[in-house]
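# Working through the structure, step by step
Read off the chains here:
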Amino acid sequence: MIKKEKRKSLLSVLLLAGALVLTGCGEEPYELQDNEREIIVNYAAHIAAKYNVKQPEGYRYVYLQPEDGVAAEEPEESQTEEAQQPQTDGNADDRTQEDMPADGGEISGGGEEASVTLSEALGLKGIQAVYTGAELTGQYDSIIPNSGKKLLILHVTLQNRTKKAKKCDILSLLPVFQAKINGTQEATAELTILPENLSTWEDNIAGGGSADTIILFQVNEDEVTSVEQLELKVTAGGKTSRVVFL
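Because the structure is a prediction, the values reported are computed rather than measured.

Our next topic: the sheet that holds strand β4 (residues 176-181). What the four strands build is an open sheet, ordered β5-β4-β8-β9; its pairing is antiparallel. Taken across any chain shown, the strands that pair with only one partner, and hence form the sheet edges, are β5 (185-188) and β9 (239-244). For this sheet, the mean inter-axis angle between neighbouring strands, taken without regard to orientation, is 15°. Here β4 pairs with strand β8 (residues 230-236) via six bridges, running antiparallel. The partner of V176 across the bridge, within β8, is T235.

Before going further, it helps to spend a moment on the nonpolar core. Ranked by size, the top nonpolar core spans 33 residues in total, and within it L118, L158, F177, F217 and L232 carry the most contacts. Elements with a contribution of two residues or more to this core: α4 (118-122), β1 (127-137), β2 (149-160), β4, β7 (210-220) and β8. If near-sequence neighbours (up to four positions away) are discounted, F217 is found in contact with K150, L151, L152, L154, F177, Q178, A179, A187, T188, A189, E190 and L232. Core analysis: the next-biggest nonpolar cluster, separate from the first, contains seven residues, Y140, I143, L151 and L216 among them.

Here we have three strands laid out as an open sheet, ordered β1-β2-β7, and antiparallel in their pairing. At either margin of the open sheet sits one strand with a lone partner, and together these are β1 and β7. Taking each pair of neighbouring strands and ignoring which way they run, the sheet shows an average axis angle of 20°. With ten bridges connecting them, β1 and β2 associate as antiparallel partners. From the neighbouring strand, Y131 faces β2, where its bridge partner is V156.

Here we come to the side chain of Q218. Position of Q218 relative to the elements: it lies in strand β7. At 2.9 Å, the side chain of Q218 forms a polar contact with the backbone nitrogen of N146. Engagement of the side chain of Q218 in a polar contact is seen with the side chain of E190, the distance being 3.2 Å.

This next bit is on the pattern of salt bridges. Tallied over the full model, the rule gives two salt bridges. Across the pair E202 and K167 runs a salt bridge whose closest N-O atoms are separated by 3.5 Å. Taken together, the positions of E202 in strand β6 (residues 202-205) and K167 in strand β3 (residues 166-169) put the pair 35 residues apart, joining distant regions of the chain. Here E202 falls in the buried class, since its relative accessible area comes to 14%. Between E231 and R242 there is a salt bridge; the shortest N-O distance is 3.0 Å. Of this pair, E231 sits in strand β8 while R242 is found in strand β9, placing the two residues eleven residues apart along the sequence. When sorted by exposure, E231 lands in the same class as R242, which is buried.

Of all residues in the chain, 55% have pLDDT values of 70 or greater, and the mean over the chain is 75. Throughout residues 56-67 the model reports pLDDT below 50, and contacts reaching past four residues in sequence, or to other chains, amount to 38 contacts. Ignoring residues within four places in sequence, the model shows residues 106-110, a span with pLDDT below 50, making 13 contacts including any to other chains.

Moving on to the packing of aromatic side chains. Scanning the model with the defined rule gives one aromatic pair in all. Ring centres 4.3 Å apart and planes at 15° place the aromatic pair Y131 and F245 in the stacked group. Residue Y131 is found in strand β1, and its partner F245 is found in the segment after β9; the two are separated by 114 residues along the sequence. A relative accessible area of 2% places F245 in the buried class.

Conventions used here
Residues numbered from 1 in each chain as written. Predicted model: local features only at pLDDT ≥ 70, side-chain atom pairs only at ≥ 80, totals over all residues. Heavy atoms only, no water. Pairing = 2+ DSSP bridges. Helix = DSSP H or I, 4+ residues; strand = E, 2+ residues; numbered from the N terminus. Axes fitted to C-alpha atoms, helices over the stretch in contact; angles between N-to-C directions. Core = buried A, V, L, I, M, F, W, Y, C linked by side-chain atoms within 4.5 Å. Buried < 20%, exposed > 50% of the residue type's maximum accessible area, 1.4 Å probe, protein only. Contact = heavy atoms within 4.5 Å. Polar contact = N/O pair within 3.5 Å; in protein donor to acceptor, adjacent residues only side chain to side chain. Salt bridge = Lys/Arg side-chain N within 4 Å of Asp/Glu carboxyl O. pLDDT = per-residue confidence, 0-100. Phe/Tyr/Trp six-rings, centres within 6.5 Å; stacked < 30°, edge-to-face > 60°.

Shown next, in the form of structure tokens:
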């Protein structure tokens with residue numbers, strides 16, 4: 001209940017911040033970036049869906065509308081972020097999961113950016129974010145994919161490897177996860193208010209304890225029938241990292 005109240009409080013703060021920056025006292029209005037607008041729109045949509053008893057199908061992702069009025073298939077990155085990120089040639093590494101550390105390992109070669117662990121990408125201290133597997137499904141909890149899509153669920157365990165309880169606050173980082181599946185299919189993680197959602201996770205983990213979380217994507221059901229290769233682009237804390245799982 002406390003975590004739900006925190007998420008509703010976060011929504012209120014985001015909406016209030018959006019209103020304040022647009023109504024300055026004689027100052028030039030602040031223009032929100034695409035990812036900032038997306039966060040506000042999606043959290044507002046999810047909160048509305050949660051308390052809408054006439055919406056039995058559950059939460060659905062709200063995509064940004066381009067200027068021509070046609071809905072985009074996937075949210076686009078801002079031009080600023082594209083300019084800052086190194087380009088990859090799309091070649092997937094041919095190592096198996098057994099060759100990799102559980103939370104993603106160091107890989108370089110082929111002209112691609114070197115890989116780091118998911119823990120390093122999120123800047124975690126004393127907490128390890130360990131990838132434990134992926135699954136394709138037609139529904140997760142109350143979340144149903146759009147027509148022609150299926151859900152890709154990445155399972156990540158947060159492990160406190162110290163003897164003392166530690167707070168793990170990933171919510172404050174507002175991370176963005178972008179996946180490349182089988183070297184070709186790309187998707188951006190869904191923004192949900194599920195308590196196990198990694199991008200909004202915030203809680204204490206007891207010494208030696210762990211917590212199971214997920215990262216959720218929508219992928220084309222005809223193009224992704226299995227997950228043979230998998231990597232993430234993680235943007236958090238002002239930096240972007242590449243994490244290879246498979």
